[in-house]
Amino acid sequence: MREAIRLSLEKMEEGAGGPFGAVVVHSGRIVGRGWNQVTSTNDPTAHAEVIAIRKACKRLGTFVLDSCELYTSCEPCPMCLAAIYWARIPRVYYGNTRRDAARIDFDDQWLYREVSRPIRARKVIMKPLLRNEAIVAFRVWSEKPDKTPY
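Positions within a chain are numbered from 1, following the residues in the order the chain's sequence is written. Predicted model: local features are reported for residues with pLDDT of at least 70 only, side-chain atom pairs are reported and counted for 80 or more only, and whole-chain, interface and lining totals are derived from all residues. The side-chain numbers reported here are obtained from all heavy atoms of the structure, hydrogens and water having been left aside.

(A) Up close: the environment of R88. Each helix corresponds to a stretch of at least 4 residues labelled H or I by DSSP, and each strand to a stretch of at least 2 residues labelled E; elements are numbered beginning at the N terminus. With respect to the element layout, R88 can be found in the loop between α4 (78-87) and β4 (91-96). Type-normalised accessible area, obtained with a 1.4 Å probe on protein chains alone, sets the label of each residue: buried when under 20%, exposed when over 50%, and partly exposed for intermediate values. Classification of R88 by relative accessible area gives partly exposed; the value is 35%. Along the primary structure R88 and R54 are separated by 34 residues, whereas in three dimensions their C-alpha atoms are 13 Å apart. If near-sequence neighbours (up to four positions away) are discounted, R88 is found in contact with V64, L65, D66 and Y150. Here the side chain of R88 touches Y150 through a polar contact of 2.9 Å, landing on its backbone oxygen. Residue contacts are defined here by distance: any two heavy atoms, one from each residue, within 4.5 Å place the two residues in contact. Polar contacts, as used here, are pairs of N or O atoms within 3.5 Å; protein pairs need one atom able to donate a hydrogen and one able to accept it. Residues neighboring in sequence count only if both atoms are side-chain atoms.

(B) Representation of the packing of helix α3 (residues 48-60) against α4 within the structure. Angles run from 0 to 180 degrees between N-to-C directions of axes, and those axes are lines fitted to C-alpha atoms, restricted for helices to the stretch in contact. Where α3 contacts α4, the axes come no closer than 8 Å and their chain directions differ by 25 degrees. Between α3 and α4, the angle is such that the two are roughly parallel. Where α3 crosses over α4, the handedness of that crossing is left-handed. For the pair formed by α3 and α4, the contact residues are E49, V50 and I53 on the first element and M79, C80, A83, I84 and A87 on the second. When an angle is under 35 degrees it counts as roughly parallel; over 145 it counts as roughly antiparallel; between 65 and 115 it counts as roughly perpendicular; any other value is oblique. Crossing chirality is assigned from the near helix's rotation relative to the far helix, an anticlockwise turn below a right angle marking it left-handed and a clockwise turn marking it right-handed.

(C) Just the layout of surface pockets, in detail. Of the voids in this model, the largest pocket is the one considered here, and its volume is about 330 Å³. For cavity detection a 1 Å grid was placed over the protein atoms alone, and a set of points counts as a cavity when a 1.4 Å probe fits there but cannot get out; an open set counts as a pocket when protein lies on both sides within 12 Å along at least five of seven lines, with lining residues being those that have an atom within 4 Å of a point. Along the wall of the largest pocket there are 21 residues; nearest its centre are F20, N36, H47, F106 and D108. Mapped by element, the contributors of at least two residues to the lining of the largest pocket are α2 (38-41), α3, α4 and α5 (98-103). The element that contributes the greatest number of residues to the lining of the largest pocket is α4, accounting for three residues. In the scheme used here, Gly and all other residues not listed as nonpolar or charged are polar, with Ala, Val, Leu, Ile, Met, Phe, Trp, Tyr, Cys and Pro taken as nonpolar and Asp, Glu, Lys and Arg as charged. Class assignment of the residues belonging to the lining of the largest pocket gives a composition of twelve nonpolar, five polar and four charged. Grid points are joined across faces, edges and corners, and a volume is the space filled by probe spheres set on the points.

(D) Up close: the pairing of strand β3 (residues 68-74). Most of β3 sits inside the fold, with six of its seven residues counted as buried. Sheet topology places strand β1 (residues 21-26) next to β3; five bridges connect them, and they run antiparallel. The partner of H26 across the bridge, within β3, is C68. The pairing criterion is simple: DSSP has to find at least two bridges between the two strands. Here five bridges tie β3 to β4, and the two strands are oriented parallel to one another. Considered in β4, the bridge of E69 is made with R91. Here, the term right-handed applies to a crossover whose path from the first strand over the helix to the second runs clockwise when the strands point away from the viewer. Crossover handedness for the path β3 to α4 to β4: right-handed.

(E) Region of the structure containing the pairing of β1. By the criterion of burial, β1 is predominantly enclosed, with five of the six residues buried. Linking β1 back to strand β2 (residues 29-35) in an antiparallel pair, the connection comprises two residues, with S27 at a positive phi of about 50 degrees.

(F) The sheet that holds β4, seen in detail. Strand order in the open sheet formed by four strands is β2-β1-β3-β4, and the pairing between neighbours is mixed. Two strands lie at the open edges of the sheet, namely β2 and β4, each paired on one side alone. Neighbour to neighbour, the strand axes of the sheet diverge by 15 degrees on average, direction disregarded. Here helix α1 (residues 2-13) sits on the sheet and contacts β1, β2 and β3; the angle it forms with β1, its principal contact strand, is near 150 degrees.

(G) Seen up close, a nonpolar patch on the surface. Patch membership needs two things, relative accessible area over 30% and no salt bridge, and members are linked within 9 Å if like-charged or within 5 Å if nonpolar (Val, Leu, Ile, Met, Phe, Trp, Tyr). The Shrake-Rupley method, run with a 1.4 Å probe sphere, supplies the accessible areas, and residue values consider only the shown protein chains as cover. By definition here, a salt bridge exists when the distance from a side-chain nitrogen of Lys or Arg to a carboxyl oxygen of Asp or Glu is within 4 Å. A cluster of nonpolar side chains, M1, I5 and Y93, forms an exposed patch at the surface whose accessible area comes to about 230 Å². Within the element layout of this structure, M1 appears in the segment before α1. Judged by relative accessible area, M1 falls into the partly exposed class, the value being 30%.

Quick look at the structure:
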């Protein structure tokens, strides 16, 4: 956890992005480090947890991190939480809470509310388009004998 906190402070002070850091640990050693790089890379998905997960997956040669733990300087936002679930990380330790983050203008509560709304009630307009053409890829996938399920 101290490494995640150190990264959050150091990289924020260097101008890499917001005050967030994260590390993925496997068998007692750090296999992925990440820090917020949203503003320095112009990438809204470059959150500390996502970066740490990407690096850990690359280093371990897998997309499943079910034998790892994640330490993050702040309670994960909805996007990072989804990435944690997709990576199948079973345990997360965090420093600051989402309420602490909201107090310094990193308020994710609106996003938690938004994703729980029905599609038609969301602020982002979402409309189905060309489903009959798109479904072909799903049919091919379902019949593909050499697929790697995930």
